[in-house]
Amino acid sequence: MGLLLLLLALAIILSLPVVQTQIANYVTNSLNEDYKVNINVEKTAINIFGGVKLKNVTILDHHKKTMIYSDIITTDIASFSRLLDGDLIFGDLRLTGLIFNLKTYKGEDENNINKFIQAFEVENTPKKKSTKHFLLTAKNAYIEKGRFSVVDENKSTPQFLDFTKLNAYISEFKLYGPDVNTNIHRFSFMDHRGLYVSNFAGKFSYTKKQIKVENLAIKTKRSSIYGLAILNYKPSDFLDFTDKVRFNVVIDSSSIATNDIRYFYDGLGKNQHFKLKTKLDLSVE
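Treat the numbers as computed from the prediction; the structure is a model and nothing was measured.

A.B. asks: It is not clear to me how the packing of aromatic side chains should be interpreted in this structure. Could you clarify?
C.D. replies: Both the distance between ring centres and the angle between the ring planes are used here to describe each pair of aromatic rings. In the structure shown here, the tally under the stated rule is seven aromatic pairs. A centroid spacing of 6.5 Å and a plane angle of 65° characterise the contact between Phe 163 and Phe 187, whose relative ring orientation is edge-to-face. Of this pair, Phe 163 sits in strand β7 (residues 159–176) while Phe 187 sits in strand β8 (residues 179–191); the two residues are 24 residues apart in sequence, bridging distant segments of the chain. For the pair Phe 163 and Phe 187, one class covers both residues: buried. Their ring planes at 45° and their centres at 5.1 Å tell us that Phe 187 and Phe 189 sit as a pair that is tilted. Across the pair, exposure class does not vary: Phe 187 and Phe 189 are buried alike. In this structure an aromatic cluster arises from ring pairing among Phe 100, Phe 148, Phe 163, Phe 187, Phe 189 and Phe 200. A cation over a ring is seen here: Arg 94 above Tyr 142, with NZ or CZ 4.1 Å from the ring centre. Sitting over the face of the ring of Tyr 176, Lys 174 holds its NZ or CZ atom 5.5 Å from the ring centroid.

Right, here's the structure in full:
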């Protein structure tokens, strides 16, 4: 009976907005002070089962510009102690109104997300031989009404990607240091050139030396592409992406519409279709 009353009292205390705000402030202030980052959460709702709802979450990059923003984030945190230690271990993660601005600033050779991740990594010391990497995992993640952009101010055309109307479902997501692994089940978006991709799926991995998408499936209103895509590079190669990044692509029984290609290159005629099955090695020596 005493335990039941204690749990009831705890539930009532956690439901108070002032308590939830103090918890959110404590967590974000701890992360900001310990790792020299800039994270802000406007409102928080927490329950005794580990469920968390965050509103108006903003993460600024090292130039104090918005890198990540979300109207609403709902999740369940598996370990609050690991959260304070810099590890983010989630079950299901839902993000509504997500904005992710991936940006490389003029004169810099690393993008803002890499700079952010490095802040969570503990450097080797004579007393500590191992390096602790930033860790974020989610069993399932859902994104609604999102936007993703990639900008490199060192390029003559800085804007590389700008996806709007972004909706996605991924599973087994793991971000460990700079490495990313996940299964993309559903990923739809509108490209800034006008092409709408109704689904992009595959087993995705990213490291500082390679991007790989296995079991690749891309669908638009007119085209269907299946296969494998591998990009090999050195980190510095992204400053000269078109000349140094090496593409290895396998296209398997795909149908590609010229109307889709024309969003990127208008030298082809309209309303034509190609049936394609091939291997491409676009390596530059």
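So, next bit.
A.B. asks: For this particular structure, what's the right way to read the pairing of strand β12 (residues 224–232)?
C.D. replies: Each regular strand displays side chains that alternate between the two surfaces of the sheet. As paired strands, strand β11 (residues 210–219) and β12 are joined by eight bridges and run antiparallel to one another. Pairing of Ile 211 across the sheet is with Leu 231, part of β12. Counted between consecutive antiparallel strands, the loop separating β11 from β12 contains four residues. As paired strands, β12 and strand β13 (residues 246–257) are joined by seven bridges and run antiparallel to one another.

About the cut-offs
Residue numbers here run from 1 along each chain, matching the order of that chain's written sequence. Two thresholds apply to this predicted model, a pLDDT of at least 70 for residue-level local features and 80 or more for giving and counting side-chain atom pairs, whereas whole-chain, interface and lining totals are computed over all residues. For the side-chain quantities, the full set of heavy atoms in the structure was used; hydrogens and water were omitted. Two rings belonging to Phe, Tyr or Trp (six-membered ring only in the last case) form a pair when the distance between their centres is within 6.5 Å. Interplanar angles under 30 degrees mark stacking, angles over 60 mark edge-to-face geometry, and anything in between is tilted. Starting at the N terminus, helices and strands are each numbered in turn, a helix being any DSSP run of H or I of at least four residues and a strand any DSSP run of E of at least two. Only protein chains enter the area calculation, which uses a 1.4 Å probe; residues under 20% of their type maximum are buried, those over 50% are exposed, and those in between are partly exposed. To sit over a ring, a charge needs its Lys NZ or Arg CZ within 6 Å of the ring centre and within 35 degrees of the ring normal. Strand pairing is assigned whenever DSSP identifies at least 2 bridges connecting the two strands.

These values are about where atoms sit, not about what they do.
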